[in-house]
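# Analysis of the macromolecular model
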Amino acid sequence: MNKISILLLCCILSVFVLNAQSKTKWLGAGKAVDPYNYTQVKHEFYNNAAVSCAHPLASLIGAQIMKQGGNAFDAGIAVQLALAVVYPAAGNIGGGGFLIAKKANNSFLAIDYREVAPGNSSKNMYLDKEGNAQLELSQNGRLASGVPGTIAGLFATLPSAKLDFKLLIQPAIDLAAFGYVITEREASSLNANQKSFLKYNNTKIAFVKDQIWKAGDTLFQPELANTLIRIQQNGAKGFYEGETAKLIVNEMNKGNGIISLTDLKNYKAKFRKPLSFKYNGYSIYGFPPPSSGGIILLQMMKMVEKTSQIQKGFQTPEATQIMIEAERRAYADRAEHLGDPDFWKVPIKTMSSDTYLAKRMSDFIPGKASKSAEIKAGDIKESEETTHISIYDKQGNMVSITTTLNGGYGSKTVVAGAGFLLNNEMDDFSVKPGVANMFGAVGGEANAIQPGKRMLSSMCPVIVTKNGKPAIVVGTPGGTTIPTSVYQALVNSINFGMNIDDAINKPKFHHQHLPDEVFIEPNFPAELKNSLQTMGYKLTNRASIGKTEMIFIHKNKIEVAADRRGDDSVAGF
Ligand code: GLY
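Residues numbered from 1 in each chain as written. Predicted model: local features only at pLDDT ≥ 70, side-chain atom pairs only at ≥ 80, totals over all residues. Heavy atoms only, no water.

### Regarding the confidence of the model for the chain
- Averaged over every residue, the pLDDT of the chain is 93; the share at 70 or more is 93%.
- Across residues 1–30, confidence stays below pLDDT 50; counting only partners more than four residues off in sequence or on other chains, it has 30 contacts. (pLDDT = per-residue confidence, 0-100. Contact = heavy atoms within 4.5 Å.)

### Focus on the sheet that holds strand β13 (residues 469–475)
- If you trace the seven strands from one edge of the open sheet to the other, you get β1-β18-β17-β13-β12-β9-β8, paired in antiparallel fashion. Bordering the open sheet on either side are β1 (43–46) and β8 (275–279), each of which pairs with just one other strand. Geometrically, the sheet is characterised by an average inter-axis angle of 20° between neighbouring strands, direction not taken into account.
- Bridge count for β13 against strand β17 (residues 549–553) is four bridges, and the pairing is antiparallel. Paired with G475 across the two strands is E549, which belongs to β17.
- The sheet strands contacting helix α13 (residues 293–305) are β8, β9 (282–286) and β12 (462–466), and the helix crosses β8 at an angle near 15°.
- Along the sheet, helix α17 (residues 482–494) makes contact with β8, β9, β12, β13 and β17, crossing β13 at roughly 140°. (Pairing = 2+ DSSP bridges. Helix = DSSP H or I, 4+ residues; strand = E, 2+ residues; numbered from the N terminus. Axes fitted to C-alpha atoms, helices over the stretch in contact; angles between N-to-C directions.)

### Considering the site of the ligand
- Around the ligand lies a shell of ten residues, among which N406, E425, D428, S457 and S458 are the nearest.
- Taking D428, its side chain carries an N or O atom lying 2.7 Å from a nitrogen atom of the ligand.
- The backbone of S458 places a nitrogen or oxygen atom 2.7 Å from an oxygen atom of the ligand.
- Notes on the ligand: free accessible area 200 Å², of which the protein chains cover 99%.
- Taken together, the residues of the shell around the ligand sort by class into one nonpolar, five polar and four charged. (Near = heavy atom within 4 Å. Polar contact = N/O pair within 3.5 Å; in protein donor to acceptor, adjacent residues only side chain to side chain. Areas by Shrake-Rupley, 256 points an atom, 1.4 Å probe, with all protein chains shown as cover. Nonpolar A, V, L, I, M, F, W, Y, C, P; charged D, E, K, R; others polar.)

### Comments concerning the sheet that holds strand β16 (residues 539–541)
- Spatially, the three strands line up as an open sheet ordered β14-β15-β16, and their pairing is mixed. The sheet is open, and its two borders are formed by β14 (509–510) and β16, each paired with just one other strand.
- Two strands pair when backbone bridges link them, and strand β15 (residues 518–520) and β16 are joined in this way by three bridges, in the parallel orientation. Bridging from a neighbouring strand, V518 pairs with L539 of β16.

Okay, here's the thing in structure tokens:
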């Protein structure tokens, strides 16, 4: 390289660095949000506002937006967009989600921006000629994607926010264009997925590089930055119409994908009525169908609320057993009765009635495991990479958002030229009655594929009030384990009096009716394992259950905790 080339290269690099520094300043007035140098905060107390989510940069951006005069809804929009850049395994613009909120004026909001089945989908689209389920097709690549809902969800949220959308999306644009430094965990997750990325993409994508990823590398996503700029300039149409929509359909046409321009143009977010119930003096607000999260949570909590066993306390065999049996029964109902309420009559009233729930527990035998083969759904004529955001602001707005691509990195297919991953949410439908999806969940007619229908979800964003006042914001990723994680975090806090750091981090257990076994996390106490095995439970070790983000609103302070199982982090002021 001669002297002139070296000089030219230095000039280009210094312009880049200067530009990056000025953008970094925008992200957080000086060093408040520095994408090249950040740390995790797991448990903190603040006076004004708090955010907990899967990535420190996204939490910091949420807090910064609220410092700049935005409310929890502004923060919710900015954090979701930031996660779409810094947490590509689950943060997304190519997926969908649910937002549940209580506004400072005491009104409630539940926004459903779940993906829908494309117009050309059909009930048996994942079956071969012999009728065998082809799960490779429902779980990977272009045909696995439902029509994305996230951008419609952000614009349905915007009327509740205060700041200009252009401002809320700018941090995500900066992070995509100027890069951010990845953590050890992110590097190893990207490395673990290199083969899949190569298999399900036929153009070069930002997540693939020749050498292995290492902690401290910078990830740049220029195509994603351009897509975000189109959304900044054109609103939802910057995604569902024009250049981005064409790029999505081009990606479909490269293989077996079926999402059309019409599917994209017709996508609508829906407003739902939160599903609420009382529990030990608290009012709990969960998400109704097409999520199974709220109703499963209601069933599990109501099945244990008045029992003597729950009074025995945390990690006692009695309390643990009754919680497992409530999980078993609620998940049996999920498989049979739940689906998109716009396509299937979901018997919510019966499923939530005290009489029905008492009857469901009438065959519970203390000290003896029930058998899933004998516990069917109630007789009345829903890699686990999702991500959750909990936010509270000083005006009193509570915002709880769970959003997903379904599996880690969704379909593993990136829209060429647009730089974002598409979901593999079609696998959340029942592709064939009785055939387990990637989470081991089975289903039937209620959750069969139909064009325009939303696939059943387990996502369970929750807000809780006490005497009408804000009390708790909570939620988690984890596929079918989502409702059980939220259930255990709430019971740990409400019944067992734990602080929220313990409430979300103590070892969890999960039973989903089928398979008939209890999944337990590492550090589950040996003595409790023995007691449960003596009662007849089959215990299966698994790595981790959920990554729960929880806020507890005390009289004079806001307590916020981020799960210690990931890079999750809190921020506030
Ligand atoms: N895709 C995970 C869920 O919605 O439950």
